[in-house]
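Topology and contacts: notes
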Amino acid sequence: MRQTCTVRRWKERGISTDVYEAPVEVKCRISMGRKLVKESSNYGSTEVVADGTLYMPAGTQIKPKDVVLFGGLEYRVIMSQPRYDFTGAENHVEVTVGRA
């Protein structure tokens, strides 16, 4: 993984805006390309257009509401899913992002 991005993890909802933890730089592989995905929430699921997928190292903790910055643009995490190899060990984490 030769590319890097900056991750700001969502902490809480403030009075008028979201509050994030300090930014952290993470190695990744970025694959941009639009696709239709389902985003789940407390109220069901909706279809949204994702702008790309980031492949991050195994064990990376990232979740919806987190923000990823790269290429001078800010993206919102739509979903994050660990991927496993044939032995059952976590191989990497796929993070689907959309424009914030």
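Each chain has its residues counted from 1, following the order in which its sequence is written. Local features are withheld for residues below a pLDDT of 70 in this predicted model, meaning they are given only at 70 or higher, and side-chain atom pairs are given and counted only at 80 or more; totals for whole chains, interfaces and linings count all residues. Excluded from the side-chain calculation are hydrogens and water; included are all heavy atoms of the structure.

**A closer look at the nonpolar core**
Counting 14 residues, the largest nonpolar core has C5, V7, L54, M56, I62, V68 and V95 as the members making the most contacts within it. A helix here means a DSSP run of H or I that spans at least four residues, while a strand means a run of E at least two residues long, and both kinds are numbered starting from the N terminus. Contributions of two or more residues to this core are made by β1 (3-8), β4 (24-41), β5 (44-57), β6 (67-70), β7 (73-84) and β8 (90-99). Counting residues per element, this core draws most heavily on β8, which supplies three residues. Every residue in contact with M56, bar those within four places of it in the chain, is listed here: M1, C5, V7, V26, K27, C28, I62, H92, V93 and V95. Nonpolar cores were defined as sets of buried Ala, Val, Leu, Ile, Met, Phe, Trp, Tyr and Cys residues, with membership established by side-chain atoms within 4.5 Å. Each residue's exposure class comes from its accessible area (1.4 Å probe, protein chains only) as a fraction of the maximum for that residue type: buried when under 20%, exposed when over 50%, partly exposed otherwise. Residues are treated as being in contact if the distance between any of their heavy atoms lies within 4.5 Å.

**Considering the pairing of β7**
Should DSSP find at least two bridges between two strands, the strands are regarded as paired. Bridging between β6 and β7 involves four bridges; their strand directions are antiparallel. Within the sheet, the bridge partner assigned to V68 lies in β7 and is Y75. Counted along the chain from β6 to the antiparallel partner β7, the turn is two residues long, and its residue G71 has a positive phi close to 60°. Relative to β8, β7 runs antiparallel, the two being bridged by nine bridges. From the neighbouring strand, Q81 faces β8, where its bridge partner is E94.

**Things to note about the pattern of salt bridges**
The term salt bridge refers to a pairing of a side-chain nitrogen on Lys or Arg with a carboxyl oxygen on Asp or Glu at a separation within 4 Å. Inspection of every chain in the model, using the stated rule, returns four salt bridges. The salt bridge involving E74 is made with R8; its shortest N-O contact spans 3.4 Å. Placement of E74 in strand β7 and of R8 in strand β1 is noted, with a sequence separation of 66 residues between them. A residue is classified by how much of its surface remains accessible, and E74, at 31% relative accessible area, is partly exposed. Ionic pairing is found between R34 and D51, a salt bridge with its closest N-O pair at 3.3 Å. Taken together, the residues R34 in strand β4 and D51 in strand β5 connect sequence positions 17 residues apart. Taking the relative accessible area as the measure of exposure, R34 reaches 65% and is therefore exposed. D51 gets classed as buried once you look at its relative accessible area, which sits at 11%.

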